[in-house]
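Residues per chain, in single letters:
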Amino acid sequence: MVEVRRKEGESPESLLRRFTKKVQASGVLLRAKRGRFYSSKKTKLEMREVAARRKLIQEKKEFLRKIGKLDDFIDPKRPNKRGTIKKLLQARVK
């Protein structure tokens, strides 16, 4: 914890400035900011599910590429646009 005592004849502005410098130097703000966006690690089951989902999407994309349907849906002006690919992958592939 950071503590600053007012010196005799010191203005509130300089006291506040000293306090801010001490807080910056102590790293309290950095620790608080780091913990702000902390997300807990995924469990093994969650990691397996994500990997399985990723593999399924990859297999669907490959299948659609092989039958020639995927290239028709990619806009040449926006090759990285994923909305149409997502819609196509969500459709049932027989």
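Refer to the structure printed above.
The sections below set out a description of the structure shown in this document. (Residues numbered from 1 in each chain as written. Predicted model: local features only at pLDDT ≥ 70, side-chain atom pairs only at ≥ 80, totals over all residues. Heavy atoms only, no water.)

This next bit is on the overall build of the chain. Helix and strand counts for the chain stand at 4 helices and 0 strands. For the chain, the succession of helices and strands along the chain, N to C, is α-α-α-α. Looking at the chain residue by residue over its 94 residues, the buried ones come to 10%. A separation of at least 24 residues holds for 32% of the contacts in the chain among residues at least 6 apart in sequence. Roughly 9200 Å² of accessible area belongs to the chain as shown, and the carbon and sulfur atoms make up 54% of that amount. (Helix = DSSP H or I, 4+ residues; strand = E, 2+ residues; numbered from the N terminus. Buried < 20%, exposed > 50% of the residue type's maximum accessible area, 1.4 Å probe, protein only. Contact = heavy atoms within 4.5 Å. Areas by Shrake-Rupley, 256 points an atom, 1.4 Å probe, with all protein chains shown as cover.)

To continue, consider the pattern of salt bridges. Applying the stated rule across the entire model yields 3 salt bridges. When the shortest N-O distance is used, the salt bridge between Glu10 and Arg18 registers 2.9 Å. Using a relative accessible area of 23% as the deciding quantity, one classes Arg18 as partly exposed. (Salt bridge = Lys/Arg side-chain N within 4 Å of Asp/Glu carboxyl O.)

Working note: α-helix, 3.6 residues per turn, so residues spaced by three or four point in the same direction. With 24 residues, helix α3 (residues 44–67) extends 35 Å from end C-alpha to end C-alpha; this agrees with the ideal 34 Å at 1.5 Å per step. Positioned one or two residues after α3, Gly68 has a phi angle of 85 degrees, which is positive. (Expected span 1.5 Å × (residues − 1).)

Contact geometry for helix α1 (residues 12–26) and helix α2 (residues 28–36): axes closest at 5 Å, N-to-C directions at 55 degrees. One way to sum up the angle between α1 and α2 is to call them oblique. Residues Val23, Gln24 and Ser26 of α1 pack against Val28, Leu29 and Arg31 of α2. Among the residues making up the contact of α1 with α2, the classes are represented as 3 nonpolar, 2 polar and 1 charged. (Axes fitted to C-alpha atoms, helices over the stretch in contact; angles between N-to-C directions. Parallel < 35°, antiparallel > 145°, perpendicular 65-115°, else oblique. Nonpolar A, V, L, I, M, F, W, Y, C, P; charged D, E, K, R; others polar.)

This next bit is on the side chain of Ser14. Counting through the fold element by element, Ser14 comes out in helix α1. On the basis of relative accessibility, which here comes to 19%, the residue Ser14 falls in the buried class. Of note is the side chain of Ser14, whose polar atom sits 3.4 Å from the side chain of Glu10. (Polar contact = N/O pair within 3.5 Å; in protein donor to acceptor, adjacent residues only side chain to side chain.)

Mapped onto the fold, Glu10 is located in the segment before α1. Of the polar contacts made by the side chain of Glu10, one reaches the side chain of Arg18; its length is 2.9 Å. Non-local contacts of Glu10, meaning those with residues more than four positions away in its chain, are made with Arg5, Leu15 and Arg18.

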